[in-house]
Amino acid sequence: MAKQCWKATGRRKQSSAQVTLTSGTGNIIVNGVDVNDYMPYQTLVMDLKQPLVLTNNENRFDIMVTVKGGGFSGQTGAIRLGIARALMEFDANTDQSRDDSYRKILKAAGMITRDPRVKERKKYGLKKARRAPQFSKR
């Protein structure tokens, strides 16, 4: 019998992450590397694991992630959203009106909302999106 897995996609800034949840012991592999070796700061790893901590699943799933684009902060946000969506996929067959459903827990913590903030485009005549050239009176 094939191992059951739940897949989801998460995005943040310029990053996109494909997340696959399988039953296991809590290993998280990002782009073929352990998450603690891939992420430069432990706070990013803690932020990435938040959906698992909220739903008490830290040691229940093995997670395989492929993430592309952006920096470490954007990639962390993309992975976190992907994990939250995959957990909701796992919990899809249970009654969603119960207080202990994953959707209610994650929604209350703001984990299933995609952060729409992206870099603003540069405008002509300006140095950056809003930074004007220095004004000189004389």
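As a reminder, the structure under discussion sits directly above these lines.
Described in the following lines is the structure provided in the data block. Quick caveat: nothing in here was measured; it's all calculated off a predicted structure.

**Quick look at the sheet that holds strand β2 (residues 15-23)**
Taking strand neighbours across the sheet as the criterion, the 5 strands line up as β1-β2-β5-β3-β4 in an open arrangement whose pairing is mixed. On the outer flanks of this sheet lie β1 (5-12) and β4 (33-34), each paired with one strand and no other. Bridge count for strand β3 (residues 28-30) against β4 is 2 bridges, and the pairing is antiparallel. If you follow Ile29 over to β4, its bridge partner there is Asp34. On top of the sheet, helix α4 (residues 72-90) reaches β1, β2, β3 and β5 (61-68); it is set at about 145° to β1, its chief contact.

**Details of the environment of Ala86**
Mapped onto the elements, Ala86 comes out in helix α4. Accessibility expressed as a relative area gives 0% for Ala86, which makes it buried. In sequence terms Ala86 and Thr20 are 66 residues apart; their C-alpha atoms lie 7.3 Å from each other. Not counting the four nearest positions on each side in its chain, Ala86 is found in contact with Trp6, Ala8 and Leu21.

**With respect to the nonpolar core**
For soluble globular proteins, nonpolar side chains are generally found buried alongside one another. Grouped together as the largest cluster of nonpolar side chains are 28 residues, with contacts concentrated most on Leu21, Ile63, Val65, Ile79, Ile83, Leu87 and Leu106. Looking at this core, the elements that each hand over two or more residues are β1, β2, β3, α2 (42-48), β5, α4 and α5 (102-108). When residues in this core are grouped by element, the largest group, 7 residues, is from α4. Beyond its immediate stretch of four places on either side in the chain, Ile83 contacts Val19, Leu48, Pro51, Leu52 and Ile63.

**Overview of unusual backbone geometry**
The phi angle at Asn31 is positive, at roughly 50°, despite the residue not being glycine. Topologically, Asn31 is positioned in the loop between β3 and β4. Judged by relative accessible area, Asn31 falls into the partly exposed class, the value being 35%. Look at Asn56: it is not a glycine, yet its phi comes out positive at around 55°. Position of Asn56 relative to the elements: it lies in the loop between α3 (50-54) and β5. Given the relative accessible area of 63%, Asn56 is considered exposed.

Rules behind the numbers
Residues numbered from 1 in each chain as written. Predicted model: local features only at pLDDT ≥ 70, side-chain atom pairs only at ≥ 80, totals over all residues. Heavy atoms only, no water. Pairing = 2+ DSSP bridges. Helix = DSSP H or I, 4+ residues; strand = E, 2+ residues; numbered from the N terminus. Contact = heavy atoms within 4.5 Å. Axes fitted to C-alpha atoms, helices over the stretch in contact; angles between N-to-C directions. Buried < 20%, exposed > 50% of the residue type's maximum accessible area, 1.4 Å probe, protein only. Core = buried A, V, L, I, M, F, W, Y, C linked by side-chain atoms within 4.5 Å.

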